[in-house]
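The primary structure of each chain is shown beneath.
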Amino acid sequence: MNRLVVSALHVGFAGVLVLGLSACNRDANADGGVGAMAQQQGASNGAKYARVVNVTPVREAASAPQQQCHDEVVTTHKPVQDTHQIAGTAIGAVAGGLLGNQIGGGKGRTLATVAGAVGGGYAGHEIQKNHQENATQQTTQRRCNTVQGNSGDRVVAYDVTYEYNGVTRTVRMDRDPGDRLQVQEGVVAVSDAH
C-alpha cells in the first residue's frame, strides 16, 4: 500500500507540473515572452507579399490652349500733320526776310530781303522736317498670345488594388508594382505608397 500511495503522489505531482508548465507557456506567449518573440522573429525574417488584383493608371487630362495677355509700352513716330513742312518754310521765310531787310539800303536791301526770305524758308523747312522725323510718342498696348496646354493625357499615378489574407485594399502608388506587392502587417510599406 505504501507503494500505491507513492505512485499516486508521483502521478499527482506529474499532473500538477504538466498543468503548471502549460499554463506558464500560454501566459508567456500571450505576454510576448520567449515563445512569442521566437514567432515574431521568424515572421519578420521573411518578406511578406500581397497579390495584386488590379492596377488602374491615374491620368492627367490635356489642358486646353489658354490666352495670356500683358501690357507693353510701344514707342512710335508721331503722325505728321504738315507733310510738306509749309509752316516751317513760311515762318523761316518771314524771319529770314526780316533779317535781310535790316541789311543795306535801296536795291541791296531788297536783294538782301529776298535772299534772307529764301534762306530762312529753306532753314525753316529743314528744321521742321528734322523735328518731325525725331518726334516720337509712347503708348501702352495690350498684347495677347495663345499658349498651348500639355499635348495629351499622361499617367501621374497608379491605383493598386491588392489582396492579403483575404482582405482587399487599394493604395495609390507612383509606379506599377507588377503582380505582387511587399506588405508589412498587411499594409503596403509607406515608402512604396504615393
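Please read all numbers here as calculations on a predicted model, not as lab measurements.

S.K.: Please explain the overall build of the chain as it appears in this structure.
M.R.: Within the chain, the regular secondary structure consists of four helices and seven strands. Ordering the α and β elements of the chain from the N terminus gives α-α-β-β-α-α-β-β-β-β-β. Residues classed as buried in the chain amount to 18% of the 194 residues present. Pairs at least 24 residues apart make up 71% of the contacts formed inside the chain by residues separated by at least 6 positions.

S.K.: Would you take a moment to explain helix α4 (residues 107–134) for this structure?
M.R.: Think of an α-helix as 3.6 residues a turn; residues three or four steps apart then line up on the same face. Taking 1.5 Å as the rise per residue, α4 with 28 residues should run 40 Å; its terminal C-alpha atoms sit 41 Å apart, in good agreement. Buried within α4 we find Ala112, Gly116, Gly120, Gly121, Gly124, Gln128 and Gln132. Buried residues in α4 make contact with α3 (86–101).

S.K.: Is there a simple way to think about the sheet that holds strand β6 (residues 180–184) in this case?
M.R.: Strand-to-strand pairing in sheets goes through backbone hydrogen bonds, with the strands running parallel or antiparallel. As summarised here, the arrangement of the five strands in space is β5-β4-β1-β6-β7, forming an open sheet in which the pairing is antiparallel. The two strands at the open ends of the sheet, each matched to only one other strand, are β5 (167–173) and β7 (187–188). Strand direction decides the pairing type here: β6 and β7, joined by two bridges, are antiparallel. Along β7, the bridge assignment pairs Gln184 with Val187.

S.K.: Can you walk me through the environment of Ala117 in this structure?
M.R.: Mapped onto the fold, Ala117 is located in helix α4. With residues near it in sequence (within four places) discarded, Ala117 still touches Gly92, Ala93, Gly96 and Gly97.

S.K.: Help me understand the pattern of salt bridges in this model?
M.R.: Pairing between side chains of opposite charge can happen when the charged atoms of each approach one another. In the structure shown here, the tally under the stated rule is five salt bridges. Between Glu163 and Arg51 there is a salt bridge, with its nearest N and O atoms 2.5 Å apart. Here the residue Glu163 occupies a position in strand β4 (residues 154–164), and Arg51 occupies one in strand β1 (residues 48–60), the gap between them amounting to 112 residues. Among the residues examined, Glu163 registers a relative accessible area of 28% and is labelled partly exposed. Residue Glu72 pairs with Arg143 through a salt bridge whose shortest N-O separation is 3.6 Å. Taken together, the residues span a long stretch of sequence, with Glu72 in strand β2 (residues 66–77) and Arg143 in strand β3 (residues 136–147) at a distance of 71 residues.

S.K.: Where do I start with unusual backbone geometry in this structure?
M.R.: Glycine aside, residues mostly have negative phi angles, and peptide bonds mostly take the trans form. Of note in this structure, Asn165 is not a glycine but carries a positive phi near 50 degrees. Structurally, the position occupied by Asn165 is in the loop between β4 and β5. Asn165 gets classed as exposed once you look at its relative accessible area, which sits at 67%.

S.K.: What should I look at first to understand the state of the cysteines in this one?
M.R.: When the sulfur atoms of two cysteines share a covalent bond, that bond is a disulfide. Counted by the stated rule, this structure contains one disulfide. Each sulfur of the disulfide joining Cys69 and Cys144 lies 2.0 Å from the other. Around the S-S axis, the bridge from Cys69 to Cys144 shows a dihedral of about 115 degrees and counts as right-handed. Taken as a pair, Cys69 in strand β2 and Cys144 in strand β3 lie far apart in primary sequence, 75 residues in all. Exposure remark for Cys69: the relative accessible area of 32% places this residue in the partly exposed category. On the accessibility criterion, Cys144 (39% relative accessible area) is partly exposed.

Parameters at a glance
- Residues numbered from 1 in each chain as written.
- Predicted model: local features only at pLDDT ≥ 70, side-chain atom pairs only at ≥ 80, totals over all residues.
- Heavy atoms only, no water.
- Helix = DSSP H or I, 4+ residues; strand = E, 2+ residues; numbered from the N terminus.
- Buried < 20%, exposed > 50% of the residue type's maximum accessible area, 1.4 Å probe, protein only.
- Contact = heavy atoms within 4.5 Å.
- Expected span 1.5 Å × (residues − 1).
- Pairing = 2+ DSSP bridges.
- Salt bridge = Lys/Arg side-chain N within 4 Å of Asp/Glu carboxyl O.
- Disulfide = S-S within 2.5 Å.

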